[in-house]
Amino acid sequence: MSAYPIAIYGNGLFQDGYPSPPIPYAAQARELNYGITTVILWSIHIHDGGDLYLNDTLFVSKGQIQYATDGKSGVNPDYPALVKLLMGGGSVRDLLVSVGAWGTTRDFTVWLAARDAVKANLAVRKSTFGITGVDFDYEGDYTDDDQKMIVTLTLDVGSLGLYATYCPYTATSFWTGCLADVYAQNNQTQIVKWMNLQCYAGGSGNSPTQWAQAVQQTPDTGVADPYAFIVPGYAVEGAE
């Protein structure tokens, strides 16, 4: 098994096509265990009040998983069994949820306004499905206030016993600043485990080496190995 994360973003994993997906959900779980170490459930959106949606499907509200009862609304009721199959001893060892995506900065401002509710909903995701972390796919203005927001929400994730990953494509100093602030405010313990660097679309010109050097040159981030910390991400041609 790889010592480094081999991660994949699962778009609507175990939910898209419900109740009749083009590839059976159980087959998807088995196929992911041929070398993938980290599955990132993409994309979780946060609505007013802290409800968590998987794309357009309500997933968790007020600390309760919202299972479908009519084959249409709510999440696939087989989700717990499928996650158990996914995490059942193959190559997959971590299951993360990714918040945000291009054009969805409101996920983070709503999260900031409903922190306690989101923490409760993430906690039930952890207890029910065994998620181990939260991926931050923030693509906003990268202001000082934005940095404070990302740091605050990262600390919330850490308070739940989860780790964080960041998914940047630009604004190197913003993200290294987040790392330094999280480290300083969390008693010199880094919550962020790695960066899923976007080397596709708007980040197609990114150099993982340059990002690693930027982390290395930033004092007091708590990152022991900046080159292992950067996990380059690529789009798979023809993937859905």
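In the block above lies the structure referred to throughout.
The present account deals with the structure reproduced in this document. The written sequence of each chain sets the order in which its residues are numbered from 1. Local features in this predicted model are restricted to residues whose pLDDT is 70 or higher, and side-chain atom pairs enter the listing and the counts only when it is 80 or higher, whereas totals over whole chains, interfaces and linings include all residues. Side-chain metrics in this entry use all non-hydrogen atoms of the structure; hydrogen atoms and water are not considered.

**Some words on the pairing of strand β2 (residues 38-46)**
Successive residues of a regular strand alternate their side chains across the two faces of the sheet. This is how it is decided: For each residue, the accessible area found with a 1.4 Å probe, counting protein chains only, is set against the maximum for its type, and the residue is called buried under 20%, exposed over 50%, and partly exposed in between. Here a helix means four or more residues in a row that DSSP labels H or I, a strand means two or more in a row labelled E, and each is numbered from the N terminus. Place the viewer so that the strands point away; then a crossover is right-handed whenever the path from the first strand over the helix to the second strand goes clockwise. Strands were regarded as paired on the criterion that DSSP finds at least two bridges between them.
Taking burial as the measure, the nine residues of β2 include eight buried ones, the bulk of the element. Traced from strand β1 (residues 7-11) through helix α1 (residues 25-32) to β2, the parallel crossover comes out right-handed. Note: β2 against strand β6 (residues 94-100), five bridges, orientation parallel. Among the inter-strand pairings, Ile 40 is bridged to a residue of β6, identified as Leu 96. Taken together, β2 and the strand that follows it, strand β3 (residues 52-54), pair antiparallel across an intervening segment of five residues, in which Gly 49 is found at a positive phi of about 90°.

**Focus: the packing of helix α3 (residues 106-113) against helix α5 (residues 144-159)**
Heads up, the rule is: Axes, fitted as lines to C-alpha atoms, cover a helix only where it is in contact. Angles between the N-to-C directions of the axes lie from 0 to 180 degrees. Less than a right angle of anticlockwise turn of the near helix away from the far helix marks a crossing as left-handed, whereas a clockwise turn marks it as right-handed. Any pair of residues with heavy atoms lying within 4.5 Å of one another is described as a contacting pair. In this count, Pro and Cys sit with the nonpolar residues alongside Ala, Val, Leu, Ile, Met, Phe, Trp and Tyr, while Asp, Glu, Lys and Arg are called charged and the others, Gly among them, polar.
Remark: α3 packs on α5, axes separated minimally by 10 Å, with the N-to-C direction vectors making an angle of 65°. Between α3 and α5 the crossing geometry is left-handed. Residues Phe 108, Thr 109, Trp 111 and Leu 112 of α3 form the contact with α5, whose participating residues are Met 149, Ile 150, Thr 152, Leu 153 and Val 157. Classifying every residue of the contact of α3 with α5 gives seven nonpolar, two polar and no charged.

**With respect to the packing of aromatic side chains**
This is how the line gets drawn: Centres within 6.5 Å are what make two rings of Phe, Tyr or Trp a pair, Trp counting through its six-membered ring; a difference in plane orientation under 30 degrees is then read as stacked, over 60 as edge-to-face, and the rest as tilted.
Evaluated as defined, the whole model comprises 17 aromatic pairs. Relative to Tyr 138, the ring of Phe 108 lies with its centre 5.1 Å away and its plane at 85°, an arrangement referred to as edge-to-face. One end of the pair, Phe 108, is in helix α3; the other, Tyr 138, is in the loop between β7 (133-137) and α5, with 30 residues separating them in the sequence. Here Phe 108 matches Tyr 138 in class, with each residue buried.

**Examining the packing of α5 against helix α6 (residues 172-185)**
So the rule is basically this: An angle below 35 degrees is treated as roughly parallel, one above 145 as roughly antiparallel, one from 65 to 115 as roughly perpendicular, and anything else as oblique.
For the pair α5 and α6, the least separation of the axes is 9 Å and the interaxial angle reads 45°. With respect to their mutual orientation, α5 and α6 come out oblique. When the axes of α5 and α6 are compared, the crossing they make is right-handed. In this structure, α5 uses Asp 146, Gln 147, Ile 150, Val 151, Thr 154 and Leu 155 to contact α6, whose residues at the interface are Phe 174, Trp 175, Gly 177, Cys 178, Asp 181, Val 182 and Gln 185. Considered class by class, the residues forming the contact of α5 with α6 number seven nonpolar, four polar and two charged.

**Re the pattern of salt bridges**
Convention followed: We define a salt bridge as a contact between a side-chain nitrogen of Lys or Arg and a carboxyl oxygen of Asp or Glu at a distance within 4 Å.
Under the definition given, this model contains two salt bridges. Asp 156 is the salt-bridge partner of Arg 115, the closest N and O atoms lying 2.8 Å from each other. Of the two residues, Arg 115 is situated in helix α4 (residues 115-129) and Asp 156 in helix α5; the sequence distance between them amounts to 41 residues. Classification of Asp 156 by relative accessible area gives buried; the value is 6%.

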